[in-house]
Amino acid sequence: MGEVFDAEELTELRALVTTGTFADDICRCHGSVTIALLDAEGEFIGSGSVHGRTDVSWECDRFRNNLEVADPERLVAFLTRLGVWRA
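Residues numbered from 1 in each chain as written. Predicted model: local features only at pLDDT ≥ 70, side-chain atom pairs only at ≥ 80, totals over all residues. Heavy atoms only, no water.

**So, the layout of surface pockets**
To keep things clear, this is the line we draw: With a 1 Å grid laid over protein atoms only, a set of points is called a cavity when a 1.4 Å probe fits there but cannot get out and a pocket when it is open yet has protein on both sides within 12 Å along at least five of seven lines; lining residues have an atom within 4 Å of a point. Grid points are joined across faces, edges and corners, and a volume is the space filled by probe spheres set on the points. The helix count covers DSSP runs of H or I at least four residues long, the strand count covers runs of E at least two residues long, and both are numbered beginning at the N terminus. Just so you know the grouping, Ala, Val, Leu, Ile, Met, Phe, Trp, Tyr, Cys and Pro go in nonpolar, Asp, Glu, Lys and Arg go in charged, and all remaining residues, Gly too, go in polar.
Reported here for the largest pocket is a volume of approximately 740 Å³. Lining the largest pocket are 22 residues, and of these Val4, Leu13, Ile35, Ala36 and Leu37 sit closest to its centre. Where the lining of the largest pocket is concerned, the elements lending two or more residues are α1 (7–18), β2 (34–38) and α3 (72–82). Among the residues making up the lining of the largest pocket, the classes are represented as 15 nonpolar, four polar and three charged.

Put into C-alpha cells, the structure is as follows:
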C-alpha cells in the first residue's frame, strides 16, 4: 500500500493513469495495483486497477473499457518508487 499526498506527485500520477487511448475492451483478470481516489475529505470516490504493464481499468462495471496508458514505463517506474510495484 502506498499513499500520495504531494501535489507534484499527485499531478504526475493523475497524468499517468488518465492519459492514453481506450482499448475498446476490458481485461477479465483482477488486475494488480489498485488506485483508490479520495476526495478532499478523504471519502472514497472511485478506483482503477493496473492490468499488465500497459492498462488501467477504471471501474469496469461503470466504464467497460481499459485505458491503454500513454507512458506505461513511467507508470511502472512511479509505482516502483512508491513501493507498490516490484519491477
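**Some details on α3**
Note: α-helices contain 3.6 residues per turn, so residues at a spacing of three or four share the same orientation. Note the threshold: For every residue, the accessible area obtained with a 1.4 Å probe (protein chains only) is divided by the maximum for its type, and the residue is called buried under 20%, exposed over 50%, and partly exposed between those limits. The directions considered for the arc are those from the helix axis to the C-beta atoms. Any pair of residues with heavy atoms lying within 4.5 Å of one another is described as a contacting pair.
Pro72, Leu75, Val76, Phe78 and Leu79 are the residues of α3 that are buried. Projected onto a plane normal to the axis of α3, the buried residues spread over an arc of 160° and lie on a single side. The exposed set on the far side of α3, more than 90 degrees from its buried face, consists of Glu73 and Arg81. Considering only its buried residues, α3 is in contact with α1, β3 (44–51), β4 (55–58) and β5 (66–69). Looking one or two residues past α3, Gly83 carries a phi angle of roughly 90°, positive in sign.

**Examining the confidence of the model for the protein**
The line we're drawing: One number per residue, pLDDT, summarises how confident the predictor is, and it ranges from 0 to 100.
Residues at a pLDDT of 70 or more form 99% of the protein, whose mean pLDDT is 88. Within the protein, no element has a lower average pLDDT than helix α2 (residues 60–63), which sits at 80, and none a higher one than α3, at 94.

**As for the side chain of Ser49**
As a reminder, the rule being used: For this analysis, a polar contact is any N or O atom pair within 3.5 Å, provided that within protein one partner can donate a hydrogen and the other can accept it, and provided that sequence-adjacent residues contribute only side-chain to side-chain pairs.
Along the chain, the position of Ser49 falls in strand β3. Engagement of the side chain of Ser49 in a polar contact is seen with the side chain of His51, the distance being 2.9 Å. When sequence neighbours within four positions are dropped, the list of residues in contact with Ser49 reads His30, Gly31, Val33, Thr34, Asp55, Val56 and Ser57.

**Remarks on the pattern of salt bridges**
To be explicit about the condition: Whenever Lys or Arg places a side-chain nitrogen within 4 Å of a carboxyl oxygen from Asp or Glu, that contact is recorded as a salt bridge.
Within the structure shown, the criterion is met by three salt bridges. The salt bridge partner of Glu12 is Arg74, with a shortest N-O separation of 3.4 Å. With Glu12 in helix α1 and Arg74 in helix α3, the pair connects residues that are 62 residues apart, well separated along the chain. According to the relative accessible area criterion, Glu12 is buried, its value standing at 18%. Of the charged contacts in the structure, one is a salt bridge between Arg62 and Glu59, with a shortest N-O distance of 2.9 Å. By relative accessible area, which is 17% here, Glu59 ends up buried. Through salt bridges that share partners, Glu12, Arg74 and Arg81 make up one connected network.

**Details of the state of the cysteines**
Applied cut-off: Note on terminology: pairs of cysteine sulfur atoms within 2.5 Å are recorded as disulfides.
Here the structure, examined in full by the defined rule, presents zero disulfides. Of all cysteine sulfurs in the structure, the one in Cys29 sits closest to Cys27, which takes part in no disulfide; the separation is 3.3 Å. On the basis of relative accessibility, which here comes to 28%, the residue Cys27 falls in the partly exposed class. According to the relative accessible area criterion, Cys29 is partly exposed, its value standing at 43%.

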